[in-house]
Amino acid sequence: MKLALLLLFASFYGKKHGPLPNVAGGEGPVSAADIDVIENLGQTVPKDLVFTDGHGNRVAIADILGRGKPVVVTIGYYRCPMLCNLIHAGLVKAVKTTGLKLGKDFYGLAVSIDPKEDDKSANTQQRRLLRALDHSVPTDWRFVVDRSPDTAAAAKLAEAVGFRYKYDPQSKQFAHSAVAFVLSPEGKIARYLYGVDFPERDFRFAVVEASEGRVGTALDRVLISCFRYDPFQKRYTPYAAAFVRIGAGLSGLALFGLLGVLWRKELIMRRRKENA
């Protein structure tokens, strides 16, 4: 029960700055500090990390980023009894409601922090997610395990994005936060999305913003200038100054349009008088 409460608390808990000692957290009693999230916005994840998918294929971070689209990353473990499944279900819902297309607008990557993770669990979770998205290309959302010689690839990625977790031997579970990370095509950490239910606007803006306008519509690019990510509320909120600028611009266009109509009418009246 205590672990469940800590997980719930950590789902919405994050800090913007601070030290990040002992990312994996070792083993022992779990505290809220053990499952913190330290936001490293703008930093680049290591591109030399290599994982293995459920079929034994080599999956390099550099290859995923090299496809030129933002990457939505989750870190957890596939035998997680509750939280990880809820995160992926929330992401599926967000993708469906935004209209963004997996493989066209972004890619996905799920990374297991459990060194004992089996391939079957990875494949099962991947099939479940792809089926929910009605998507048939497994390489568009990879589910990988850490088979590196020192099993440190997952820990290094977690450290880069500021994701702290800890194994609880009593419950035999990993305690961790509910959060997804959006990487730019260059591997920069563009946005953190907290919780298990991701608002349509936040998810879409995060992906469009990470792509630097290469994904989404012209309207998306206008709207992003009107909304700013609030690190305290952990969501995009209206940016009043942008709305004022847009309102002033629209007013100016309306005024010029009115003057144009009046000028045209006056010109027509002059010509009629000259021809009379």
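Notes on the structure follow. For clarity, every value in this text was computed on a predicted model and none was experimentally measured. (Residues numbered from 1 in each chain as written. Predicted model: local features only at pLDDT ≥ 70, side-chain atom pairs only at ≥ 80, totals over all residues. Heavy atoms only, no water.)

Topic: the overall build of the protein chain
Secondary structure summary: the protein chain contains 8 helices and 11 strands in total. Buried positions account for 47% of the 276 residues belonging to the protein chain. Taking as baseline every contact in the protein chain between residues at least 6 positions apart, the subset at least 24 positions apart corresponds to 70%. As displayed, the protein chain offers around 14300 Å² of accessible surface, 58% of which is attributable to carbon and sulfur atoms. (Helix = DSSP H or I, 4+ residues; strand = E, 2+ residues; numbered from the N terminus. Buried < 20%, exposed > 50% of the residue type's maximum accessible area, 1.4 Å probe, protein only. Contact = heavy atoms within 4.5 Å. Areas by Shrake-Rupley, 256 points an atom, 1.4 Å probe, with all protein chains shown as cover.)

Re empty space enclosed by the protein
Per the counting criterion, the structure on display carries 1 cavity of 30 Å³ or more. There is about 90 Å³ of room inside the largest cavity. Together, T74, I75, G76, Y77, Y78, C84, N85, I87, H88, A110, V111 and Q125 line the largest cavity. Per-element tally for the lining of the largest cavity: the top contributor is helix α3 (residues 83-98), with 4 residues. Within the lining of the largest cavity, the residues separate by chemical class into 7 nonpolar, 5 polar and no charged. (1 Å grid on protein atoms, 1.4 Å probe; cavity = no way out; pocket = protein on both sides within 12 Å on 5 of 7 lines; lining within 4 Å. Points joined across faces, edges and corners; volume = space filled by probe spheres on them. Nonpolar A, V, L, I, M, F, W, Y, C, P; charged D, E, K, R; others polar.)

Here's the deal with helix α5 (residues 153-161)
Along an α-helix, a turn takes 3.6 residues, which lines up residues three or four apart on a common side. Every buried residue of α5 is accounted for by A153, A154, L157, A158, A160 and V161. Seen from one end, α5 has its buried residues packed into an arc of 160°, which puts them on one side. On the buried face of α5, the contacting elements are β1 (50-53), β3 (71-76), β4 (107-112), β8 (179-183) and β9 (189-194). In the segment just after α5, G162 is the residue with positive phi, at about 80°. (Arc of directions from axis to C-beta.)

Observations regarding the packing of aromatic side chains
The full count for this structure, using the stated rule, is 10 aromatic pairs. Ring geometry for F181 and Y192: centres 5.4 Å apart, planes at 80°, overall edge-to-face. Taken together, the residues span a long stretch of sequence, with F181 in strand β8 and Y192 in strand β9 at a distance of 11 residues. Residue F181 is classed as buried on the basis of its relative accessible area of 0%. On the basis of relative accessible area, Y192 is assigned to the buried category, the value being 1%. Ring-pair connections join several aromatic residues into one group, and the members of that group are Y77, F163, Y165, Y167, F174, F181, Y192 and Y194. (Phe/Tyr/Trp six-rings, centres within 6.5 Å; stacked < 30°, edge-to-face > 60°.)

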